[in-house]
Amino acid sequence: MQHLDPDRLVLLALSEDQQHSDESEHLAGCAGCRYDLESLREVSEIGAQTQDLRDLPPPPEHLWRAIEAEIAPAAASPGGSAAVTDLAAHRGRAHRRRSRWLAPVLAAAAAAVLAVAGTVVFDRLAGRTGGEQVLARATLAPLETVPAAAGGDVRVLADGQMRVDVRGLPLTTGFHEVWLIDPDDLTKMVAIGNLSGQPDVVLPVPVGTDLNRYRLVDVSDEPHDGDATHSGRSLLRGTLTS
Amino acid sequence: MSSDDELAERLRDGDEKALRTAYDRHGAAVLYLAQRLLGNRADAEDVTQLTFVAAWTGRDTFDPGRGTMLGWLLGIARRKAVDRLRSAARDDRLTETVRAQTAPADETESPERIVDRLVVADELGRLPDEQRRTLELAFYDDLTHPQIAAVTGLPLGTVKSHIRRGMANLRRRWEVDGAAFGSRSVGPSRAL
Ligand SMILES: [Zn+2]
């Protein structure tokens, strides 16, 4: 028995050619060729419906961080301290909640962090008296995964500006962000601004920020993913003292 | 780019970077499947998260000899999505709220068919350039062999053999990983 040629099967499966009568006759009597033809037909039908799947958008970064936080909290921020781990775990939960209904109020929530801060340690008026009067300072040390040569200095000036000097930070495809964190509740933090690749920047501290509470200065590596929350990847940390 | 075998080995060794690679490579497909099955983005992201966490927990059960990483992940995602739909349906009966909310976005396409499309699309992307290109012209532009030869400047015989080999590759992959083919309905990863 002469089976159908593989090239013929493909042409028939793609409906490019009509079956000849001898082919139809063979197919009626040969389960093997019939099966091959049906499989190839199915594949070409599926193949024709794949166009919109060829360039799916990459899955979101915040979703990965939620996964990462869940599988191995320590791995999310290899700095390894318990404090950092808590932050990562929190992010996992926060993201899951956020995906449901919190997205529109996120910005408001960030503002609320400031609103609940109790003591106002300084305000803009305090800056009138002197240009470089230093209210508080911190020495930034690298976390474990960061080269030991990395570090920095932070000075909070009386005019409400924060001067940040950093050195030796690992290169990033995103950017470096400066945060003030409450060391007693690592889920509470204020984003101060980003270093935009410069070793020395001056950033305004939001008026009303309680520096007794938000005294942990943190420099993180943030991807450009449109997600305003902390990435969980801390590079430098130091505590403000007056 | 590492093969599935190598990725599986790194995953079994507990290397989180291997899971990240799997997420970069297949997260989009998993999210697409979940979104099509569940009909909303929030649930789809939750199921995608559950899928990769389950893949991590059950990483010992992935056997590259039985199917590809993508097929395995899509299998997990399908079960997670179906669980989600079932529990939503149960909640609905209890609370007698609107069932329409939990209906899949597109009821005309079965979960199996979506999985089939995703694995065939993935395989198409892995084919050698000329095989892929000739098949795209046949599938998407509905061109005949002679038309493809004219468009690409390839000899007709070459077009024929590219399409025959390309189709054979897609078919093999579909038989290994495709949901409708049925070979994946049972297996060690079922417990995930
Ligand atoms: Zn035959």
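Structural data are supplied above this passage.
Quick summary incoming for the structure in this document. What you are looking at is a predicted structure, and each value in this text was computed from that prediction instead of being measured.

## Structural notes on helix α5 (residues 111-126) of chain B
An α-helical segment advances 3.6 residues per turn. Residues three or four places apart therefore align on the same side.
All names here are of chain B.
Part 1: Between its first and last C-alpha, α5 extends 23 Å over 16 residues, near the 22 Å set by a 1.5 Å rise per residue.
Part 2: Of all 16 residues making up α5, 12 are buried, and the element is well covered by its neighbours.
Part 3: Within the sequence span of α5, burial applies to Arg113, Ile114, Val115, Asp116, Arg117, Leu118, Val119, Val120, Ala121, Asp122, Glu123 and Leu124.

## Focus: the packing of helix α1 (residues 6-13) of chain A against helix α3 (residues 31-48) of chain A
Residues and elements named next belong to chain A.
Part 1: Where α1 contacts α3, the two axes come as close as 8 Å, and the packing angle between them is 50°. If you check the angle between α1 and α3, you find them oblique. The two elements α1 and α3 meet at a crossing, and its hand is right-handed. Contacts from Leu9, Val10, Leu12 and Ala13 of α1 reach α3 at Cys33, Asp36, Leu37, Leu40, Arg41 and Ser44.
Part 2: Grouping the amino acids of the contact of α1 with α3 by side-chain chemistry returns 7 nonpolar, 1 polar and 2 charged.

## So, the coordination of the zinc ion
Residues and elements named next belong to chain A.
Part 1: For the zinc ion, every protein donor is listed as His3 (ND1), His26 (NE2), Cys30 (SG) and Cys33 (SG), and the spread of their distances is 2.0 to 2.3 Å.
Part 2: Because the angles between the 4 donor atoms bound to the zinc ion fall within 102 to 119°, the donor set is best described as tetrahedral.
Part 3: Counting gaps between the donor residues of the zinc ion yields the pattern H-x22-H-x3-C-x2-C. Taken together, the residues span a long stretch of sequence, with His3 in the segment before α1 and Cys30 in the loop between α2 (21-29) and α3 at a distance of 27 residues.
Part 4: Classification of His3 as partly exposed rests on a relative accessible area of 43%.

## Some points on a negative patch on the surface
Part 1: There is a patch of like negative charges on the surface, built from Asp5(B), Glu6(B), Glu9(B) and Asp13(B).
Part 2: Examined against the element boundaries, Glu9(B) turns out to sit in helix α1 (residues 4-12).

## Observations concerning the pattern of salt bridges
Part 1: Applying the stated criterion across every chain, the model contains 33 salt bridges over all chains.
Part 2: For the salt bridge of Arg113(B) with Glu42(A), the shortest nitrogen-to-oxygen distance reads 3.2 Å. Pair noted here: Arg113(B) is in helix α5 and Glu42(A) is in helix α3, and the two residues belong to different chains.
Part 3: Ionic contacts of the salt-bridge type, sharing partners, join the residues Arg54(A), Asp129(B), Arg132(B), Arg133(B) and Glu136(B) into one network.

## So, the nonpolar core
Part 1: Ranked by internal contacts, the top residues of the largest apolar core, which has 71 residues, are Leu19(B), Leu74(B) and Ile163(B).
Part 2: The element contributing the most residues to this core is helix α2 (residues 16-38) of chain B, with 12 residues.
Part 3: Dropping the residues within four chain positions of it, Ile163(B) is found in contact with Val10(A), Leu14(A), Thr134(B), Leu135(B), Ala138(B), His145(B) and Ile148(B).

## Focus: unusual backbone geometry
Part 1: The backbone of Ser15(A) shows a phi angle near 55°, a positive value even though the residue is not glycine.
Part 2: If you trace the backbone, Ser15(A) turns up in the loop between α1 and α2.
Part 3: In this structure, Asp142(B) takes a positive phi of about 60° despite not being glycine.

## What about the environment of Pro111(B)?
All names here are of chain B.
Part 1: Looking at the secondary structure, you find Pro111 in helix α5.
Part 2: Sequence-wise, Pro111 and Leu37 are 74 residues apart; in three dimensions their C-alpha atoms are separated by 6.8 Å.
Part 3: Excluding residues that lie within four positions of it along the chain, Pro111 makes contacts with Leu33, Leu37 and Arg78.

## Thoughts on the pairing of strand β2 (residues 151-157) of chain A
Residues and elements named next belong to chain A.
Part 1: Counting buried positions over the 7 residues of β2 gives 5, a clear majority of the element.
Part 2: As judged from the 6 bridges shared by strand β1 (residues 134-142) and β2, these two strands associate in the antiparallel manner. Following the sheet pairing, Ala136 is matched in β2 by Val156.
Part 3: Two elements, β2 and strand β3 (residues 161-167), share 6 bridges in a ladder whose sense is antiparallel. Bridging across to β3, Asp153 finds its partner in Asp165.
Part 4: Where β2 folds back on β3, the antiparallel hairpin that results is connected by 3 residues, among which Gly160 adopts a positive phi of roughly 85°.

## So, the environment of Trp72(B)
Part 1: Considering the arrangement of structural elements, one finds Trp72(B) in helix α4 (residues 69-95).
Part 2: The buried category is assigned to Trp72(B), whose relative accessible area is 3%.

## Side note on α1(A)
Part 1: Counting buried residues in α1(A) gives 6 out of 8 residues, a clear majority hidden from the surface.
Part 2: Elements in contact with the buried residues of α1(A): α2 and α3 of chain A together with α7 (145-152) and α8 (156-177) of chain B.
Part 3: The distance from a side-chain oxygen at the start of α1(A) to the backbone nitrogen of Asp7(A) is 2.9 Å, and the residue carrying that oxygen is Asp5(A).
Part 4: Phi turns positive one or two residues past the end of α1(A), at Ser15(A), with a value near 55°.

Rules behind the numbers
Residues numbered from 1 in each chain as written. Chains lettered and ligands numbered in written order. Predicted model: local features only at pLDDT ≥ 70, side-chain atom pairs only at ≥ 80, totals over all residues. Heavy atoms only, no water. Helix = DSSP H or I, 4+ residues; strand = E, 2+ residues; numbered from the N terminus. Expected span 1.5 Å × (residues − 1). Buried < 20%, exposed > 50% of the residue type's maximum accessible area, 1.4 Å probe, protein only. Axes fitted to C-alpha atoms, helices over the stretch in contact; angles between N-to-C directions. Parallel < 35°, antiparallel > 145°, perpendicular 65-115°, else oblique. Left-handed = near helix turned anticlockwise from the far one by under 90°. Contact = heavy atoms within 4.5 Å. Nonpolar A, V, L, I, M, F, W, Y, C, P; charged D, E, K, R; others polar. Donors = N, O, S within 2.8 Å, 3.2 Å for Na, K, Ca; no water. Tetrahedral: all angles 85-135°; square planar, octahedral: opposite > 155°, others 65-115°. Patch = residues over 30% accessible without salt bridge, like charges linked within 9 Å, V, L, I, M, F, W, Y side chains within 5 Å. Areas by Shrake-Rupley, 256 points an atom, 1.4 Å probe, with all protein chains shown as cover. Salt bridge = Lys/Arg side-chain N within 4 Å of Asp/Glu carboxyl O. Lys, Arg positive; Asp, Glu negative; His and termini not counted. Charge placed at Lys NZ, Arg CZ, Asp CG, Glu CD. Core = buried A, V, L, I, M, F, W, Y, C linked by side-chain atoms within 4.5 Å. Pairing = 2+ DSSP bridges. Polar contact = N/O pair within 3.5 Å; in protein donor to acceptor, adjacent residues only side chain to side chain.

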